[in-house]
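Here's the letter readout for the chains.
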Amino acid sequence: MSEEKDMQGILQSIIKVELYGKHKDEKKAPTIPVVTVSRYCGANGSETAALLAEKLGVQLYDQNLLDTITKEVKTDKYLLERLDEKATGPIDDFIHSVFTKHGASKDDFYRGMIKVILDSSRNGGVIVGRAAHLLTTSNRMFRLRLEGSLPVCTERVAKRMNVKKSKARKFILKTNEERVKFVKKVFDRYTSDTAYYDMVINTDMYTPEQLVNLVIMTMSEAGFRVTPPKIKG
Amino acid sequence: MPGQTTKPSTTDDLVGSNGGENTKPLVTISGQHGAGAHEVGAALAEKLGVGLFDYRVLDNIVTKVNDDQNIKSWLDRQKGALHANWMKSFTYKSGKDMTSYLPYLVRTIMAIVPNGGVIIGHGAHLILVDANVLRLKVESGPKVCAQRIAAKHGITIKAAGKLSAKVNKERISLVQDVYDHFPTEKTYYDLSLSSEILSVDQIVKITIAAMKEANLPVR
């Protein structure tokens, strides 16, 4: 785990230098919308994240794009030179199998995430999953988590996958367990710990459109550069 | 401030309520000691025009309920879906003392429902999981909580950290007892907001917006 912490430390340093080197006072600097979206399986996370990116006018970094970047980042010499100064030990088979489905290693995963965070810091972005909220503690990043009750999420997943509820329920529990294990193993944190998020919402009560409005409103209140939505009332 | 609101925050107000579902604003607030749940609760109760039931007020009420046979009888007579659910939860669990604090805490919280209110802590977010309620969590990291407690009580950060840990341990113990009776597959909270990046007024504003969007009563 110490090697992983070394790697995380380097990530933090690089990210901070790249992101904040030009700003003496981080809090007063312009805040480009960068949102990390952690989600419970079946909580409409992907749909909401896509809508949020669209409303904010920023890039959506979803699973497919992250996988592509993870593969492509091997050619980024700037990052490689700095990251390769520290060895990270053997590839963890578990992480490899669960989160890097296209033959990329744990190092590739970290490198990919750095690139995503650096890119998004310049141009804004909505980053889905990958525990991106734990890669930097900067207040320039809005850390969102979307949750849902198991019965409600089961209904959604069953409908989306066109499977029986019992199968959907198993799928949800398995997916969430894998996500929890990943975050616990790599970051020694729990996904359900609300202290690591700026906002956590129960999606049972809201449509993706309503969720996006509430998120943008909260971001606006927190000083992010967004156009406040119209909330009823 | 605790107990200073004009809305129901005494046993008399509870007995005056008619039981059943709420059509008035109902919010539960949870948070680590020092996260600002009480400050948010007070501001929210004022804004929504309902009573604030914080730790001191609620404990006082429960104590009075325990000492007053008339109120006890009244609470025992209350019916309705919510009441039936929690009553069932006590009957299928064995080994719990029905005369202890917890059952009357639950009854008291149920009696708050019809008139609405802002209830802080006490595992109310688990007890009221099926009510027309918004379950809010006010979140801050341990360092920030300790700093606030230290500033408030004029003690060192280290002492504040110890105090916070002690209070949190007691609260977790109570909530665990409640959870044992109210296990749920639903989420524990509907909304969690960081008081590290949001002020009390901002949290209140966002919470009310979230209640409106969810078609929960706000007036």
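Nothing here was measured: the structure is a model prediction, and the numbers come from that model. (Residues numbered from 1 in each chain as written. Chains lettered and ligands numbered in written order. Predicted model: local features only at pLDDT ≥ 70, side-chain atom pairs only at ≥ 80, totals over all residues. Heavy atoms only, no water.)

Focus: the pattern of salt bridges
Part 1 of the argument: With the rule as written, the count across this model stands at 8 salt bridges over all chains.
Part 2 of the argument: Its salt-bridge partner being E147 of chain A, residue R145 of chain A comes within 3.0 Å of it at the nearest N-O pair. For the pair R145 of chain A and E147 of chain A, a shared accessibility class is recorded, and that class is buried.
Part 3 of the argument: Two residues, K205 of chain B and E221 of chain A, come together in a salt bridge whose shortest N-O distance is 2.6 Å. (Salt bridge = Lys/Arg side-chain N within 4 Å of Asp/Glu carboxyl O. Buried < 20%, exposed > 50% of the residue type's maximum accessible area, 1.4 Å probe, protein only.)

So, the nonpolar core
Part 1 of the argument: Of all hydrophobic cores here, the largest spans 65 residues; its most connected members are V126, L144 and M199 of chain A together with I29 and L136 of chain B.
Part 2 of the argument: Ignoring any residue separated from it by four or fewer positions in sequence, one finds I29 of chain B in contact with A37, V40, G41, L44, V118, I119, I120, G121, L136 and V138 of chain B.
Part 3 of the argument: If you look at the next biggest cluster of nonpolar residues, it comprises 24 residues, including V57, I61, L102 and I109 of chain B. (Core = buried A, V, L, I, M, F, W, Y, C linked by side-chain atoms within 4.5 Å. Contact = heavy atoms within 4.5 Å.)

Brief notes about the side chain of Q210 of chain A
Part 1 of the argument: Examined against the element boundaries, Q210 of chain A turns out to sit in helix α9 (residues 208-221).
Part 2 of the argument: Taking the relative accessible area as the measure of exposure, Q210 of chain A reaches 16% and is therefore buried.
Part 3 of the argument: Of note is the side chain of Q210 of chain A, whose polar atom sits 3.0 Å from the backbone nitrogen of T207 of chain A.
Part 4 of the argument: Apart from the residues within four sequence positions on either side, Q210 of chain A is in contact with M205 of chain A together with E213 of chain B. (Helix = DSSP H or I, 4+ residues; strand = E, 2+ residues; numbered from the N terminus. Polar contact = N/O pair within 3.5 Å; in protein donor to acceptor, adjacent residues only side chain to side chain.)

Examining the interface of chain A and chain B
Part 1 of the argument: Listed per partner, the contact involves 26 residues of chain A and 27 residues of chain B.
Part 2 of the argument: When chain A packs against chain B, the two sides together hide about 2,300 Å² of surface, and 57% of this comes from carbon and sulfur.
Part 3 of the argument: On inspection of chain A and its partner chain B, the count reaches 1 salt bridge.
Part 4 of the argument: At the boundary of chain A and chain B, one finds 9 residue pairs in polar contact (both at pLDDT 80 or more).
Part 5 of the argument: Listed by contribution, the elements that provide at least two residues to the side of chain A that touches chain B are β4 (141-147), α7 (150-161), β5 (199-202) and α9 of chain A.
Part 6 of the argument: A total of 5 residues in the side of chain A that touches chain B trace back to one element, the largest contributor, which is α9 of chain A.
Part 7 of the argument: Taken together, the residues of the side of chain A that touches chain B break down into 14 nonpolar, 7 polar and 5 charged. (Buried area = accessible area lost by both parts, 1.4 Å probe. Nonpolar A, V, L, I, M, F, W, Y, C, P; charged D, E, K, R; others polar.)

Re the packing of aromatic side chains
Residues and elements named next belong to chain A.
Part 1 of the argument: The tally for this structure, following the rule as stated, stands at 1 aromatic pair over all chains.
Part 2 of the argument: Ring centres of F142 and F224 lie 5.7 Å apart, and the angle between their planes is 85°; this geometry places the pair in the edge-to-face category. Here F224 lies in the segment after α9 and F142 lies in strand β4, a separation of 82 residues in the sequence. (Phe/Tyr/Trp six-rings, centres within 6.5 Å; stacked < 30°, edge-to-face > 60°.)

Observations concerning the state of the cysteines
Disulfides are covalent bonds that link the sulfur atoms of two cysteine residues.
Part 1 of the argument: Considering all chains together, one arrives at 0 disulfides over all chains under this definition.
Part 2 of the argument: Free cysteine: C153 of chain A, not disulfide-bonded; nearest cysteine sulfur from C41 of chain A at 7.4 Å. (Disulfide = S-S within 2.5 Å.)

Quick word on helix α10 (residues 200-213) of chain B
Part 1 of the argument: Taking 1.5 Å per residue as the helical rise, α10 of chain B with its 14 residues ought to reach 20 Å, and the 20 Å between its terminal C-alpha atoms agrees with that figure.
Part 2 of the argument: With 10 of 14 residues buried, α10 of chain B lies mostly within the body of the structure.
Part 3 of the argument: Q202, I203, V204, I206, T207, I208, A209, A210, M211 and E213 of chain B are the residues of α10 of chain B that are buried.
Part 4 of the argument: Considering only its buried residues, α10 of chain B is in contact with β5 and α9 of chain A together with β1 (26-31), α2 (37-48), β4 (134-139) and β5 (191-194) of chain B.
Part 5 of the argument: Note on α10 of chain B: the residue one or two positions beyond its end, N215 of chain B, has a positive phi of about 60°. (Expected span 1.5 Å × (residues − 1).)

Brief notes about the confidence of the model for chain B
All names here are of chain B.
Part 1 of the argument: The pLDDT averaged across chain B works out to 77; a share of 73% of its residues lies at or above 70.
Part 2 of the argument: When mean pLDDT is taken per element in chain B, α10 scores highest with 96 and helix α1 (residues 11-16) scores lowest with 45.
Part 3 of the argument: Ignoring residues within four places in sequence, the model shows residues 1-8, a span with pLDDT below 50, making 21 contacts including any to other chains.
Part 4 of the argument: Segment residues 87-99 is flagged for pLDDT under 50; beyond a separation of four residues in sequence, or across chains, it makes 20 contacts in the model. (pLDDT = per-residue confidence, 0-100.)

Focus: the sheet that holds strand β2 (residues 59-61) of chain A
Part 1 of the argument: Here 10 strands make up an open sheet; going across it, the order is β2(A)-β3(A)-β1(A)-β4(A)-β5(A)-β5(B)-β4(B)-β1(B)-β3(B)-β2(B) and the pairing mixed. Lying at the two open borders of the sheet, with one neighbouring strand each, are β2 of chain A together with β2 (52-53) of chain B.
Part 2 of the argument: Here β2 of chain A runs beside strand β3 (residues 125-128) of chain A; their pairing, made up of 3 bridges, is parallel. Following the sheet pairing, L60 of chain A is matched in β3 of chain A by V126 of chain A. (Pairing = 2+ DSSP bridges.)

Focus: the environment of L134 of chain B
Part 1 of the argument: The topology assignment puts L134 of chain B in strand β4.
Part 2 of the argument: With relative accessibility at 0%, the residue L134 of chain B sits in the buried group.
Part 3 of the argument: Considering only alpha carbons, one finds L134 of chain B and D190 of chain B, 56 residues apart in sequence, at a separation of 6.1 Å.
Part 4 of the argument: Setting aside residues no more than four positions away along its own chain, L134 of chain B makes contact with M205 and Y206 of chain A together with L26, V27, T28, D190, L191, T207, A210, M211 and L216 of chain B.

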